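An overview of the molecular structure
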Amino acid sequence: MSYSIVGDGIPEPLTGAPGDAAHGRALVLDRGTTCILCHSGPFPETRFQGDLAPDLAGAGNRWSTSQLRLRLVDASRFNPETIMPSYYRTDGLVRPSRNLAGKPILNPGQIEDIVAFLATLRD
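Residues numbered from 1 in each chain as written. Predicted model: local features only at pLDDT ≥ 70, side-chain atom pairs only at ≥ 80, totals over all residues. Heavy atoms only, no water.

**Points about the confidence of the model for the chain**
The predicted model of the chain has a mean per-residue pLDDT of 89, with 93% of residues at 70 or higher. Per-residue pLDDT, averaged within each element of the chain, yields its smallest value for helix H2 (residues 35-38) (90) and its largest for helix H5 (residues 108-120) (96). (pLDDT = per-residue confidence, 0-100. Helix = DSSP H or I, 4+ residues; strand = E, 2+ residues; numbered from the N terminus.)

Listed below in structure tokens is the structure:
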């Protein structure tokens, strides 16, 4: 679980290679990964999108892949009061669920797939 934060992002992929954007899209829309529960986006086929977090439309314009990666790994780096889970960081968490204590919510490949997909969302 090693990664290096440089400035406001994690410049190197957690897996050593870019992710698969098609698989990332499927993960974003899978209610089990929770993205679509809080976020909305350009997904007309998906009903009941979230409205608690920023719209994902244009995410690839607003944030670099490095910034997107850090937002998924540990969103509290940008906003300590965020309700977005740290999907990869495992230390220093407040009240993690018992079944996830010491484990990331998403594995490195899933993080990279979501980053690859979000980077394609351009206005």
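What follows continues from the structure just given.
**Some details on the packing of aromatic side chains**
Overall, the coordinates contain 2 aromatic pairs when judged by the stated rule. Ring plane angle 55 degrees and centroid distance 6.1 Å describe the contact between Tyr-3 and Tyr-88, whose orientation is recorded as tilted. Residue Tyr-3 is found in the segment before helix H1 (21-29), and its partner Tyr-88 is found in the loop between helix H4 (65-74) and H5; the two are separated by 85 residues along the sequence. Owing to a relative accessible area of 27%, Tyr-3 belongs among the partly exposed residues under this scheme. Judged by its relative accessible area of 5%, Tyr-88 is buried. On the numbers, 6.1 Å between centres and 35 degrees between planes, the contact of Phe-43 with Phe-117 is tilted. Highlighted residues: Phe-43 in the loop between H2 and helix H3 (59-62) and Phe-117 in helix H5, separated in sequence by 74 residues. Here Phe-43 and Phe-117 have matching classes, each one buried. Looking at Arg-71, its charged tip hangs above the ring of Phe-78, at a distance of 4.1 Å from the centre. (Phe/Tyr/Trp six-rings, centres within 6.5 Å; stacked < 30°, edge-to-face > 60°. Buried < 20%, exposed > 50% of the residue type's maximum accessible area, 1.4 Å probe, protein only. Lys NZ or Arg CZ within 6 Å of the ring centre and 35° of its normal.)

**Structural notes on H5**
Each α-helix turn comprises 3.6 residues. Residues three or four places apart therefore point the same way. Over its 13 residues, H5 runs 19 Å from end to end, which matches the ideal 18 Å to within 8%, given 1.5 Å per residue. Buried within H5 are the following residues: Ile-111, Glu-112, Asp-113, Ile-114, Val-115, Ala-116, Phe-117, Leu-118 and Ala-119. Packing partners of the buried residues in H5 comprise H1, H2, H3 and H4. You can read the cap of H5 off the contacts: a side-chain oxygen lies 2.9 Å from the backbone nitrogen of Gly-109, and it is on Asn-107. (Expected span 1.5 Å × (residues − 1). Contact = heavy atoms within 4.5 Å. Polar contact = N/O pair within 3.5 Å; in protein donor to acceptor, adjacent residues only side chain to side chain.)

**Observations concerning unusual backbone geometry**
Here the phi dihedral of Phe-48 falls at roughly 60 degrees; this positive angle occurs in a residue that is not glycine. With respect to the secondary-structure elements, Phe-48 resides in the loop between H2 and H3. For Phe-48, a relative accessible area of 64% corresponds to the exposed category.

**A short note on the pattern of salt bridges**
Taken as a whole, this structure holds 4 salt bridges when the rule is applied. The residue Arg-69 makes a salt bridge to Glu-112 at a minimum N-O spacing of 2.8 Å. Here Arg-69 is found in helix H4, whereas its partner Glu-112 is found in helix H5, with 43 residues between them in sequence. No difference in accessibility class separates Arg-69 from Glu-112, as the two residues are buried. A salt bridge links Asp-74 to Arg-77; its shortest N-O distance comes to 3.9 Å. Taking the relative accessible area as the measure of exposure, Arg-77 reaches 54% and is therefore exposed. What emerges from the salt-bridge pattern is a single network uniting Asp-74, Arg-77 and Arg-89. (Salt bridge = Lys/Arg side-chain N within 4 Å of Asp/Glu carboxyl O.)

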